[in-house]
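Inside the fold
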Amino acid sequence: MTLSSLTFAYPHVGDADRAAILRRLRLAPSPADMFVLATCLRLEFSSSGSAEHLARRFEAIGGDRAMIARGELRSGEPAVEHLFRVAAGLESPIVGEREVLTQFRQALADQEGNGTVNGLLSKALEAAVATARQARAILPESPHDSMAAVAAQLAGACERVAVIGSGQMGTAVVAALRSLPAPPEILVVTRRPETVAGENVEVAGIDAVFEVLRRHPAVISATSAREYLVNSLHLTELLSERTEELLLIDMGMPPDFGNVGDKSIRYHGIDDLARMVRRRGYHEEVDELVATAARETHHRLSTHHEVGPVIGDLLKVADRVAGQVTDRFSGRLSSPDDRAVLAQAARTVARTILASPVHYLKSPERSDDAVEIIADAFEIDHA
């Protein structure tokens, strides 16, 4: 299998271009055999096949061919390693940020659930999630290392902060605000007020958006709305009623608000927040972990057509031998009920003995003729 990926991400592709791609994507039917990850700072497309195949698939779901040149197109092992690094947060402005793994895992679960991602592509992405979890266990944990924390710190000087949205990012922003040394009064504005819980948090329905824009000193918006929550004209009307400057932090992608040119707003989009981040230094152990896991996964999947049938036949050999042993010794058992125990023990022993050759066949370090040698040793017909 060849896996390819196409990336549109900060800082190489700005928020306006990412928003345009995302709006087109949301108008298209769900793409088959293509994994799509959309976060506030990146759009990732990946599929089985060549880079050219992926480019055609991108066009088929409403993508602009000219825009492909703005992105980063990868194929083979570099594509696999890139997806592993994305899941682990190594490509994020904040290295190892927590939200991206949650978003990656949820996107994969959703797309596996609706059948658009399956087979070897699914296995590669599941391996990326498993490796990312290992990486998270190594990277230092800090409540300040997230985009949500950057937004919270920016708004934390205000006595009252309204958070629009109660999804993954909105929830993370509320948690970051509450962890500040002097937390502000928090109002969560959401379409589903009944889903929000927490001490010292006030909740309101989405209709309260207009009132908080009129009255609150700080607003952090983190929704996944398909259209603007408030367009430019309406926002200008709302701001005309204010007597003090509004701090508006827009973490939506696409943005939640229309063009903001009013001087009474101190506006920060998601790319502005990313520019405020102090990137943590290189983490050698995690980089090596991710690179090794990606290399092994790519090797395993790219040689699956050659190695998979031999491994399957090896396990059949183990099960056949276990069955022969069970038949041979079952007559000596004191109770017929012990046959199942004997069968399981024989099967476990046989498969344990084969664990080493199976692992070697999957390994990138195996010799070129290893498949033929092992197949011959176990009398497997390997054409």
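To be clear, the structure that these remarks concern was listed above.
Below you will find a few notes about this structure. Quantities reported herein were computed from a predicted structural model and do not represent experimental measurements. (Residues numbered from 1 in each chain as written. Predicted model: local features only at pLDDT ≥ 70, side-chain atom pairs only at ≥ 80, totals over all residues. Heavy atoms only, no water.)

Topic: the nonpolar core
- Grouped together as the largest cluster of nonpolar side chains are 52 residues, with contacts concentrated most on Phe8, Phe45, Met147, Leu177, Ile220 and Met251.
- The element best represented in this core is helix H7 (residues 147-155), accounting for seven residues. (Core = buried A, V, L, I, M, F, W, Y, C linked by side-chain atoms within 4.5 Å. Buried < 20%, exposed > 50% of the residue type's maximum accessible area, 1.4 Å probe, protein only. Helix = DSSP H or I, 4+ residues; strand = E, 2+ residues; numbered from the N terminus.)

Regarding the sheet that holds strand E1 (residues 3-9)
- Spatially, the four strands line up as an open sheet ordered E2-E3-E1-E4, and their pairing is antiparallel. The open sheet terminates on both sides in strands that have one partner only, identified here as strand E2 (35-38) and strand E4 (72-75). Direction aside, the axes of adjacent strands within the sheet are offset by 10° on average.
- Against the sheet, helix H1 (residues 15-27) touches E1, E2 and strand E3 (42-48), its axis set at about 50° to E3.
- Docked against the sheet, helix H4 (residues 77-88) engages E1, E2, E3 and E4, running at close to 50° with respect to E1. (Pairing = 2+ DSSP bridges. Axes fitted to C-alpha atoms, helices over the stretch in contact; angles between N-to-C directions. Contact = heavy atoms within 4.5 Å.)

Considering the environment of Asp110
- Secondary-structure assignment places Asp110 in helix H5 (residues 98-113).
- Considered as a pair, Asp110 and Glu52 are 58 residues apart in the sequence and their alpha carbons are 26 Å apart.
- Within polar-contact distance, the side chain of Asp110 engages the side chain of Gln106 at 2.8 Å. (Polar contact = N/O pair within 3.5 Å; in protein donor to acceptor, adjacent residues only side chain to side chain.)

Quick notes on the packing of aromatic side chains
- Counted according to the given criterion, the structure contains four aromatic pairs.
- Summarising the aromatic geometry, the rings of Phe8 and Phe45 are spaced 6.2 Å apart at their centres and angled 80° between planes, so their arrangement reads as edge-to-face. One end of the pair, Phe8, is in strand E1; the other, Phe45, is in strand E3, and 37 residues separate them in sequence. By the burial criterion, Phe8 is buried, and Phe45 matches it.
- Judged by centre distance (5.1 Å) and plane angle (70°), the ring pair of Phe45 and Phe58 falls under edge-to-face. (Phe/Tyr/Trp six-rings, centres within 6.5 Å; stacked < 30°, edge-to-face > 60°.)

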